[in-house]
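# Examining the three-dimensional arrangement
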Amino acid sequence: MFDRLEILQLARGLSAYSGARQSVLAENVANANTPGYRARDLPEFAEAYRSSTGMVELRQTRTGHVGGEDQISPLATPIFEDLQADPTGNTVSVEHELTRAADIRSDHNRALAVYSSSLDIIRAAIGRAR
């Protein structure tokens, strides 16, 4: 019953999005010295949420696991903003990645706050205080 509440789906989606975006950021940092590597990022959350129909599917890593293909990581695209490539063609800026890491943490904390507040409201509605 409560798993169909849109606010909980939104909080779960934002949390999954933050995790997927953190993974892309980690790939960028790991390839900071790789010649020709182009820094990548995910589209804005609202766009990713709409394209995933409100649900982020699980990634199947072994046969028999539940889920399908990863729905967010394939959306990662090279960043074409004002990033200057170094002489090897790499566009990763560790400073820029650190700034984005702070944004990702903020998004994840927001998802947790929405989820926690929603659960408090549900508890109050059914008469169970925290």
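Notes on the structure follow. Every value quoted in this text rests on a predicted model; they were computed, and no experiment measured them.

## Observations concerning the overall build of the chain
Check the secondary structure of the chain and you find three helices and two strands. Going residue by residue from the N terminus, the α and β elements of the chain occur as α-β-α-β-α. For the chain, contacts bridging at least 24 residues in sequence account for 72% of all contacts bridging at least 6. When the accessible surface of the chain is summed, it comes to about 8700 Å², and 54% of that surface belongs to carbon and sulfur atoms.

## Considerations on the nonpolar core
Soluble globular proteins: nonpolar side chains tend toward being buried together. Listed in full, the seven residues of the largest apolar core are Leu 14, Tyr 17, Ala 20, Val 24, Leu 42, Phe 45 and Ala 111. Among the elements that make up this core, the one with the highest residue count is helix 1 (residues 6-30) (four residues).

## What about the side chain of Arg 100?
Within the secondary structure layout, Arg 100 lies in helix 3 (residues 94-125). Looking at Arg 100, its side chain comes within polar contact range of the main-chain oxygen of Arg 40, at 3.5 Å.

## Regarding the environment of Leu 42
If you trace the backbone, Leu 42 turns up in the loop between strand 1 (40-41) and helix 2 (45-51). Sequence spacing of Leu 42 and Leu 25 is 17 residues, and the spatial spacing of their C-alpha atoms is 9.3 Å.

## A word on the packing of helix 1 against helix 3
Packing of helix 1 against helix 3 leaves a shortest axis separation of 9 Å and a crossing angle of 160°. Relative to helix 3, the element helix 1 lies roughly antiparallel. For helix 1 against helix 3, the interelement crossing comes out left-handed. Classifying every residue of the contact of helix 1 with helix 3 gives 13 nonpolar, six polar and six charged.

## Considering helix 3
With 32 residues, helix 3 should cover 46 Å at 1.5 Å per step; its first-to-last C-alpha distance of 46 Å lies within 8% of that length. Those residues of helix 3 that sit buried are Glu 97, Arg 100, Ile 104, Asp 107, Ala 111, Ser 118 and Ile 122. Contacts from the buried residues of helix 3 go to helix 1 and strand 1. Positive phi appears at Gly 127, one or two residues downstream of helix 3, with a value of about 85°.

## Brief notes about the environment of Asn 28
Note that Asn 28 resides in helix 1. On the basis of relative accessibility, which here comes to 0%, the residue Asn 28 falls in the buried class. Along the primary structure Asn 28 and Asp 41 are separated by 13 residues, whereas in three dimensions their C-alpha atoms are 8.7 Å apart. Filtering out sequence-adjacent residues up to four positions away, Asn 28 remains in contact with Tyr 37, Arg 38, Ala 39, Arg 40, Val 92, Glu 97 and Arg 100.

The rules we used
- Residues numbered from 1 in each chain as written.
- Predicted model: local features only at pLDDT ≥ 70, side-chain atom pairs only at ≥ 80, totals over all residues.
- Heavy atoms only, no water.
- Helix = DSSP H or I, 4+ residues; strand = E, 2+ residues; numbered from the N terminus.
- Contact = heavy atoms within 4.5 Å.
- Areas by Shrake-Rupley, 256 points an atom, 1.4 Å probe, with all protein chains shown as cover.
- Core = buried A, V, L, I, M, F, W, Y, C linked by side-chain atoms within 4.5 Å.
- Buried < 20%, exposed > 50% of the residue type's maximum accessible area, 1.4 Å probe, protein only.
- Polar contact = N/O pair within 3.5 Å; in protein donor to acceptor, adjacent residues only side chain to side chain.
- Axes fitted to C-alpha atoms, helices over the stretch in contact; angles between N-to-C directions.
- Parallel < 35°, antiparallel > 145°, perpendicular 65-115°, else oblique.
- Left-handed = near helix turned anticlockwise from the far one by under 90°.
- Nonpolar A, V, L, I, M, F, W, Y, C, P; charged D, E, K, R; others polar.
- Expected span 1.5 Å × (residues − 1).

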